[in-house]
Amino acid sequence: MRQSHQLPLVGLLLIIPNQLCKICAQAANVLLSLRLTGMLSQSQEQQMIQRVKHNMERKGADLSSGQLALTILALGACHNPNESFVFDSDLVGLLGKKFQAEIENMEVHNGNPLTNYYQLSLDVLALCLFNGNYSITKIAKYFTPENKNYYFDDQFSVDTGGMAVLALTCVRRHMVKGQTKADQENSNLIDNYIESLVKKILSEKKENGLIGNIYSTGEAMQALFVSSNHYSESEWNCQQTRDTVLKEIPQGAFSVPIAAAQILPALLGKTYLDVNKDSPCVYDNNNISISVPGPAPSAESPSPITVHYSVRINKTYSTDVTVLNGSVFLDVMEEAQKQNQTIFGFTMEESSWGPYITSVQGLRANNNDRTYWQLLSDGRSLSQGAGSYIVHSCENLEIRWSKY
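Only a predicted model underlies this, so the values are computations on that prediction, with no experimental measurement involved.

1. Re helix 11 (residues 238-248)
Restricting attention to buried positions, one finds in helix 11 the residues Thr241, Arg242, Asp243, Thr244, Val245 and Leu246. Of the residues flanking the start of helix 11, the one acting as N-cap is asparagine 237, its side-chain oxygen 3.2 Å from the backbone nitrogen of glutamine 239.

Structure follows, in structure tokens:
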């Protein structure tokens, strides 16, 4: 990596350990990213492992399939001979059951999974890497590139497609190793799926090199790293994409730990296919220190700002909300809820991808009905979640009951 980009990268790395107290629900993503890139000290690794285990024990059976898959990937990313935790193969068996439940739900609910295809792709990837049970036939049936679950508001989901490429690549590689004549048809089919998904990913490439948006680019890069046989060098300038991402770091694009964790492996040329529970863990790679910094010097209190906030179902309910400068969308929702619980009341759950709004006015999002609560700013759909999008003075914010 060029010297000019070392400082922004160090800034990205510092985000994660400096906010360890805030990332319990996202600990698996963060641990996976840092173990893949060798950017943890052994003491930090132990701290993160304990957080992942605590979150797993706290949520128990309520862990979604994708959250469990991330936990397995994180705990099994590499091997530390001094680690007292022994990888539990029962977790892989449990993931197999959760994945089967996703498939069964699709079969009776018009092809809709219990969660989403990003999580299903994580399921397949973890089951493949850790020798779990999955049906090649079912994967060939449900992971066709034209499946509706790759799309959100009629827009191809780049991060979902990227994760699917990683999962399908793993499946295909395992088939090649132990292939029979009966497997050949499915192997060719999956290879065609990968090629088609790669083309869809590249079709979302912007002039500045980003793919989809700044937050989907990490998964897209990983997918393109493992599928270079499906596109030519002229179709993707990896260096341009990396340069654009690195320029965004000092602007705060990855100030939330989960966003930093998702982009970091790709910036260092790593992918989730590099997970290997038998490979020795690497610590403090490139001698970049990410020790937790001391307390920041006191700064002036942020000034208040006012935004316009609306809930839209069949009709629109609006109010003006005052929050501190630097607040996120979720802060606005909480302040509005204090004004009027009936109109602006909402529920949320912590997920591996940050706070997820589950209901407003008692109306719950439902995967089987493909309904969700959409976040918008000045009429434009947001690419960040309620816990990460920073609001601005006089902005028109809206949460809208929508179908995908």
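2. Brief notes about the sheet that holds strand 6 (residues 354-360)
What the three strands build is an open sheet, ordered 5-6-7; its pairing is antiparallel. Edge strands, defined here as strands with exactly one partner in the open sheet, are strand 5 (346-351) and strand 7 (363-364). Where strand 6 lies against strand 7, two bridges are found, and the strand directions are antiparallel. Its bridge partner being in strand 7, valine 360 is matched across the sheet by leucine 363. Taken strand by strand, helix 13 (residues 329-339) contacts strand 5 and strand 6, and its axis lies near 150° from that of strand 5.

3. Thoughts on the pattern of salt bridges
Taken as a whole, this structure holds eight salt bridges when the rule is applied. The salt bridge involving glutamate 195 is made with lysine 199; its shortest N-O contact spans 4.0 Å. Residue glutamate 195 and its partner lysine 199 are located together in helix 9 (residues 181-203), separated by four residues, close to a single helical turn. A relative accessible area of 51% means that lysine 199 is categorised as exposed. For lysine 277, the salt bridge is made with aspartate 278, and the minimal N-O distance between the two is 3.7 Å. Under the relative-accessibility criterion, lysine 277 is labelled partly exposed at 36%.

4. Digging into empty space enclosed by the protein
Over the atoms, a rolled probe matching the size of one water molecule traces out where space is still vacant. What the rule picks out here adds up to two cavities of 30 Å³ or more. Estimates place the volume of the second largest cavity at around 40 Å³. If you trace the second largest cavity, you find it lined by Ile214, Tyr215, Gly218, Glu219, Phe254, Ala259, Gln262 and Ile263. The set of elements that each furnish at least two residues to the lining of the second largest cavity consists of helix 10 (217-225) and helix 12 (257-267). With three residues, helix 12 is the single largest residue contributor to the lining of the second largest cavity. Broken down by class, the residue content of the lining of the second largest cavity amounts to five nonpolar, two polar and one charged.

5. Notes on helix 2 (residues 27-37)
Within helix 2, eleven of the eleven residues are buried, leaving the element largely enclosed by the surrounding structure. Two residues or fewer after helix 2 comes glycine 38, characterised by a positive phi angle close to 70°.

6. Some details on the nonpolar core
In this structure, Leu32 and Phe143 are the most contacted members of the largest nonpolar core, which totals 74 residues. Considering every element that reaches this core, the biggest residue donor is helix 8 (residues 158-177), with ten residues. When near neighbours in sequence (up to four residues on either side) are disregarded, leucine 32 contacts Leu70, Leu73, Ala74, Ala77, Tyr272 and Val275. Membership of the second largest hydrophobic core comes to 24 residues, among which are Val323, Phe329, Ala336 and Trp373.

7. Comments concerning the layout of surface pockets
Within this model, the second largest pocket holds a volume of roughly 240 Å³. Residue lining of the second largest pocket: 15 residues in total, with Arg35, Leu36, Thr37, Lys270 and Val282 positioned closest to the centre. Counted by class, the lining of the second largest pocket contains seven nonpolar, five polar and three charged residues.

8. Some thoughts on the environment of threonine 316
On the secondary structure map, threonine 316 appears in strand 4 (residues 316-324). For threonine 316, a relative accessible area of 43% corresponds to the partly exposed category. Sequence-wise, threonine 316 and isoleucine 399 are 83 residues apart; in three dimensions their C-alpha atoms are separated by 9.8 Å.

9. Thoughts on the packing of helix 2 against helix 4 (residues 65-75)
For the pair helix 2 and helix 4, the least separation of the axes is 8 Å and the interaxial angle reads 30°. In terms of axis orientation, helix 2 runs roughly parallel to helix 4. Remark: the crossing between helix 2 and helix 4 carries left-handed chirality. On the side of helix 2, the interface is formed by Ala28, Asn29, Leu31, Leu32 and Arg35, while helix 4 contributes Leu70, Thr71, Leu73, Ala74 and Leu75. By residue class, the composition of the contact of helix 2 with helix 4 is seven nonpolar, two polar and one charged.

10. Focus on the sheet that holds strand 9 (residues 380-381)
The five strands lie next to each other as 4-3-10-8-9, forming an open sheet whose pairing is mixed. Of all the strands in the sheet, just strand 4 and strand 9 have a single pairing partner and so form its edges. Across two bridges, strand 8 (residues 371-377) lies against strand 9 in antiparallel orientation. Note on strand 9: the bridge partner recorded for leucine 376 is serine 381. Those strands touched by helix 13 are strand 3 (304-312), strand 4, strand 8 and strand 10 (396-403), and its axis lies near 115° from that of strand 4.

11. Looking at the state of the cysteines
Enumeration over the complete set of coordinates arrives at two disulfides. Disulfide pairing is shown between cysteine 128 and cysteine 170; the S-S distance is 2.1 Å. Negative torsions about the S-S bond denote left-handed disulfides, and the value of about -95° found for cysteine 128 with cysteine 170 makes this one left-handed. Placement of the pair is cysteine 128 in helix 6 (residues 117-129) and cysteine 170 in helix 8, with a sequence separation of 42 residues. Along the protein, the cysteines that take part in disulfide bonds pair up as 1-4, 2-3, counted in sequence order.

12. Observations concerning the environment of proline 304
For proline 304, the position within the fold is in strand 3. When its relative accessible area of 57% is taken as the criterion, proline 304 is described as exposed. Note: C-alpha distance between proline 304 and serine 327 (23 residues apart in sequence) is 9.5 Å. Beyond its immediate stretch of four places on either side in the chain, proline 304 contacts Thr322, Val323, Leu324 and Asn325.

Rules of the game
Residues numbered from 1 in each chain as written. Predicted model: local features only at pLDDT ≥ 70, side-chain atom pairs only at ≥ 80, totals over all residues. Heavy atoms only, no water. Buried < 20%, exposed > 50% of the residue type's maximum accessible area, 1.4 Å probe, protein only. Helix = DSSP H or I, 4+ residues; strand = E, 2+ residues; numbered from the N terminus. Polar contact = N/O pair within 3.5 Å; in protein donor to acceptor, adjacent residues only side chain to side chain. Pairing = 2+ DSSP bridges. Contact = heavy atoms within 4.5 Å. Axes fitted to C-alpha atoms, helices over the stretch in contact; angles between N-to-C directions. Salt bridge = Lys/Arg side-chain N within 4 Å of Asp/Glu carboxyl O. 1 Å grid on protein atoms, 1.4 Å probe; cavity = no way out; pocket = protein on both sides within 12 Å on 5 of 7 lines; lining within 4 Å. Points joined across faces, edges and corners; volume = space filled by probe spheres on them. Nonpolar A, V, L, I, M, F, W, Y, C, P; charged D, E, K, R; others polar. Core = buried A, V, L, I, M, F, W, Y, C linked by side-chain atoms within 4.5 Å. Parallel < 35°, antiparallel > 145°, perpendicular 65-115°, else oblique. Left-handed = near helix turned anticlockwise from the far one by under 90°. Disulfide = S-S within 2.5 Å.

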